[in-house]
Amino acid sequence: MELDSSSIHRVIHPTAAFSKRAPRAAAKHDETVWQPAWAESQLNPKNRIDSLDPIEEPLWRIDGCTGLGSQYYAVPLFLGDVPPLRFDVFIPEETASSHVVRQLLDLNAAFHTKDVMRVRRLGIARHILRTLQVWTRAKSNDGQYSVAQMYKNLPFGSRIVFENMDLNVHNIKITVAPTYYVEKQLLSLTNLSSALGVNQSLIPKSLDIFQLVIVQQLHDSVCLVRIKHGNGDKEEDSGRLWIFKALTSGTKYLFTELRNLLLMEPHPHVISRPEYVVTKYCRFGGKTAVVGFLLSYHSKGGLRDTLPVLRIHGQLSLDSQLKWACQLASAVEHVRTRGNMFYPDLRLDNIVLSDTDDVVMVDFEQRGVWCEFAAPEVNCLEYTRILATDDTLAQDADGGIPDDIREHFAGILTRELPNWEDLQAREDYAPMPDGYGSYNIPWLCLSPVEQEAAEVYMLGRVLWCIFEGQSAPQQAAVWQSYRWEPEIEFPEYRRTPPQLRDLVDRCTRGRRGNLSSLITRSGKSELVLRDAVGGGAGDGGSTEEEVLAAARQWWSKEVKAAEEFLRMRRERMDSGTWNENFYERPTMREVIEELEAFGAQLGAAK
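Cut-off values and rules
Residues numbered from 1 in each chain as written. Predicted model: local features only at pLDDT ≥ 70, side-chain atom pairs only at ≥ 80, totals over all residues. Heavy atoms only, no water. Helix = DSSP H or I, 4+ residues; strand = E, 2+ residues; numbered from the N terminus. Rg over C-alpha atoms; globule rule 2.2 N^0.38 Å. Buried < 20%, exposed > 50% of the residue type's maximum accessible area, 1.4 Å probe, protein only. Contact = heavy atoms within 4.5 Å. Areas by Shrake-Rupley, 256 points an atom, 1.4 Å probe, with all protein chains shown as cover. Lys, Arg positive; Asp, Glu negative; His and termini not counted. Charge placed at Lys NZ, Arg CZ, Asp CG, Glu CD. Pairing = 2+ DSSP bridges. Salt bridge = Lys/Arg side-chain N within 4 Å of Asp/Glu carboxyl O. Axes fitted to C-alpha atoms, helices over the stretch in contact; angles between N-to-C directions. Parallel < 35°, antiparallel > 145°, perpendicular 65-115°, else oblique. Left-handed = near helix turned anticlockwise from the far one by under 90°. Nonpolar A, V, L, I, M, F, W, Y, C, P; charged D, E, K, R; others polar. Phe/Tyr/Trp six-rings, centres within 6.5 Å; stacked < 30°, edge-to-face > 60°. Lys NZ or Arg CZ within 6 Å of the ring centre and 35° of its normal. Expected span 1.5 Å × (residues − 1). Arc of directions from axis to C-beta. Polar contact = N/O pair within 3.5 Å; in protein donor to acceptor, adjacent residues only side chain to side chain.

## Considerations on the overall build of the protein
Tallying secondary structure elements over the protein gives 19 helices and 15 strands in all. In summary, the protein has a C-alpha radius of gyration of 25 Å against a globular reference of 25 Å for 606 residues, a match within 12%. Dimensions of the protein along its principal axes, counting C-alpha atoms only, are 75 × 70 × 55 Å. By the burial criterion, 54% of the 606 residues in the protein qualify as buried. Across the protein, the fraction of contacts at a sequence separation of at least 24, relative to all contacts at a separation of at least 6, is 67%. As presented, the protein carries roughly 26,300 Å² of accessible surface, and 50% of it is formed by carbon and sulfur atoms. For the protein, the distance from the average site of its 68 positive side-chain charges to the average site of its 82 negative ones is 2 Å.

## Details of unusual backbone geometry
In this model, Phe490 is joined to Pro491 through a cis peptide bond whose omega is 10°. Tracing the chain through its elements places Pro491 in the loop between α16 (448–468) and α17 (498–507). Even without glycine at this site, Ser525 takes up a positive phi of about 60°. Secondary-structure assignment places Ser525 in the loop between β14 (519–521) and β15 (527–529).

## Section: the pairing of strand β11 (residues 287–296)
The buried fraction of β11 is high, at eight of 10 residues. Here strand β9 (residues 241–245) runs beside β11; their pairing, made up of four bridges, is antiparallel. What sits directly across from Trp242, in β11, is Ser296. Judged from the seven bridges that link them, strand β10 (residues 276–282) and β11 form a sheet pairing that is antiparallel. Looking at the pairing, Val277 lines up with Phe293 of β11. Connecting β10 to the next strand, β11, in antiparallel fashion are four residues, including Gly285 with a positive phi near 115°.

## Some remarks on the pairing of strand β1 (residues 60–66)
By the criterion of burial, β1 is predominantly enclosed, with six of the seven residues buried. As defined by bridge partners, β1 adjoins strand β2 (residues 71–76) across five bridges and the pair is classed as antiparallel. Each residue of the ladder has a partner; that of Arg61, found in β2, is Val75. Counted along the chain from β1 to the antiparallel partner β2, the turn is four residues long, and its residue Gly67 has a positive phi close to 60°.

## Let's talk about the pattern of salt bridges
Any two side chains of opposite charge can pair, on the condition that their charged atoms come close. Scanning the entire structure with this criterion turns up 40 salt bridges. Two residues, Arg347 and Asp349, come together in a salt bridge whose shortest N-O distance is 3.2 Å. Judged by its relative accessible area of 22%, Asp349 falls in the partly exposed class. Between Arg494 and Glu487 there is a salt bridge, with its nearest N and O atoms 3.7 Å apart. Owing to a relative accessible area of 48%, Arg494 belongs among the partly exposed residues under this scheme. Sharing partners across several salt bridges, the network here consists of Arg311, Glu487, Glu492, Arg494 and Arg495.

## Quick notes on the packing of helix α11 (residues 318–337) against helix α19 (residues 588–604)
Two elements in contact, α11 and α19, have axes separated by 9 Å at closest approach and are oriented at 155°. Relative to α19, α11 is oriented roughly antiparallel. By crossing handedness, the relation of α11 to α19 is classed as left-handed. Taking contact as the criterion, the partners of Leu318, Asp319, Leu322, Ala325, Cys326, Ala329, Ser330, Val332 and Glu333 in α11 are, on α19, Met588, Arg589, Ile592, Leu595, Glu596, Phe598, Gly599 and Leu602. Of the residues belonging to the contact of α11 with α19, the class tally is 11 nonpolar, two polar and four charged.

## Describing the packing of aromatic side chains
Counted under the stated rule, the structure contains 18 aromatic pairs. A ring pair is formed by Phe565 and Tyr583, whose centres lie 6.4 Å apart and whose planes are at 5°; its orientation type is stacked. You can see Phe565 sitting in helix α18 (residues 544–575) and its partner Tyr583 sitting in the loop between α18 and α19, a full 18 residues away along the chain. Residue Phe565 is classed as buried on the basis of its relative accessible area of 11%. Grouped by ring-pair contacts, the aromatic residues Tyr253, Phe255, Tyr429 and Tyr439 constitute a single cluster. The lysine or arginine in question, Arg159, covers the ring of Phe90, its NZ or CZ lying 4.0 Å from the ring centre. Its guanidinium or amino end placed over the ring of Trp242, Arg240 lies 3.7 Å from that ring's centre, counting from NZ or CZ.

## Remarks on α19
Helix length check: α19 (17 residues) gives 24 Å between terminal C-alpha atoms against 24 Å at 1.5 Å per residue, within 8%. Residues of α19 that are buried: Met588, Val591, Ile592, Leu595 and Phe598. Seen end-on, α19 carries its buried residues on one side only, within an arc spanning 130°. Opposite the buried face of α19, by more than 90 degrees, sit the exposed residues Ala600 and Ala604. Those residues of α19 hidden inside the fold are in contact with α11, α16 and α17.

## Re the sheet that holds β2
The mixed open sheet is built from five strands, whose spatial order is β1-β2-β3-β4-β5. Every interior strand has two partners, whereas the edge strands, β1 and β5 (174–177), have only one. Seen against the sheet, helix α5 (residues 123–139) touches β1, β2, β3 (89–90), β4 (159–162) and β5 and runs at an angle of roughly 135° to β1.

## Topic: the sheet that holds β10
Ordered in space as β6-β10-β11-β9-β8-β7, the six strands form an open sheet in which the pairing is mixed. Strands at the two margins of the open sheet, each flanked by one partner only, are β6 (205–208) and β7 (212–217). Across this sheet, the average inter-strand angle for adjacent strands is 40°, counted without regard to direction. Taken strand by strand, helix α9 (residues 251–263) contacts β9, β10 and β11, and its axis lies near 55° from that of β11.

## Quick look at α17
For α17, the set of buried residues is Leu500, Leu503, Val504, Arg506 and Cys507. Along α17, the residues classed as buried sweep out an arc of 165° about the axis, all on the same side. Elements in contact with the buried residues of α17: α16 and α19.

## Overview of the environment of Arg512
Within the secondary structure layout, Arg512 lies in the loop between α17 and β14. Separated by 46 residues in the primary sequence, Arg512 and Glu558 have C-alpha atoms spaced 9.4 Å apart. If we ignore the near neighbours within four places in the chain, the residues touching Arg512 are Pro376, Glu558 and Ala561. Of the polar contacts made by the side chain of Arg512, one reaches the side chain of Glu558; its length is 2.7 Å.

Set out below in structure tokens:
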């Protein structure tokens, strides 16, 4: 089955339980070898690409992608030093629906590929570069509409949109879409303190975005920058690299993180407070807005990619693993007890290594993780939120979620969190109803004890990754592929000491099976059923009908189980008999003490 945006609603999300959309029309097979129709054939001249070879003197560079293969980080090389204004390339899904185009340009692979080295090898990245090459040269004499003028005049996060996708780059029409609405959402520098509810003394010094130079876009919200000489608060600031955190959509999460970091009591294993806020003058509205902030850059990178490399080369020591585990557990406890906030984003992607090989937690937007990482009680609420708010299938003539079903799940959510619709609907940061401190609806439904139990669950999964030396708990995850895919899956053990296996198992009590145990991503970047024998990923032999049926059946059971859990929880809460640590997981303090005790035993045995 094709891996594209429609598969989210038809397979990957709980909306699959209510999807009645029929499979796409499949080609008919007979006794002879099947051949594609002329319109789809590679023998047809219109289906040939002139070239996907690297350009000798490219005018642009692609630094990665996001948005399930629909958004690409494009950096102009011909303009010299440019500020990190985030003019990304967007390819709407409907423009690349042709099977032959998706196959030739590796669009299925782009759905789950994010890191720069692998993205640059994809056909779509090279096709984008060739298209931008033609487009840029055509605009070079276009005066006020040239690319150089774009970087001077357009709003932050404006979009370079490919209105159609053609194998001939000369036939692709490009439109530049100014994002005035993004700058409208941004808070002004003069009102930042009052809007965030923090003391003015905590607000860092400001830098104009045109005083920064982009070095590389690392992720959707993070890029590497340097400060132009003479513009930093200190002379040495211009000689170092910085992390620039900014969002081109959902700006409420940017300011949630900024507030959280400014109020966070310092801890050696939690990212330090921002040293600068980055501003931009907005021509539309005439305000000086905060577009992001600068954080310390940890050049050793993330623990996710470090662990498998060390394991493969036989350099992953138990001492290092135990050190990282203790540091991480201590940091999570600090965020809760001293930072007075929950941390719903606990996964390897959000843990980096310092120059001294110590772990540092990052990402305090409080958006949460996808269900492959989240605790089952959080998933119950997240499934409910998705079903209460998703309207994609409702607009589909092939059959969507009926209104009464959506209203049913919206009613469940309202009982758990009044005014949740206000949190869901907002894109910008504003005072939240009922004193809520986050926009994460499922986690706001939980009590502090329940939140800690959910954090312990996520920590248990991360501890498994650390002690097994794996990049993730599951293989061939649909959402994201890794440079080094896991060789085993949670909860299988090979390297974890027995005493710590018991700890991980207790941390992850209540775990349920994942969809990836039934449906996975094949080597061809298609959704397939896992082999019945051997448990490995299939070779693409599954039909789309089989995948859809399996997803519908699996999600129907999961949604029913979620409803039953939330009903039981509500009844016991109303009667005063609810055990907030329902699965009897250890507390974070108990996890820390067990890790430290194991470390003491390890030291005594040496």
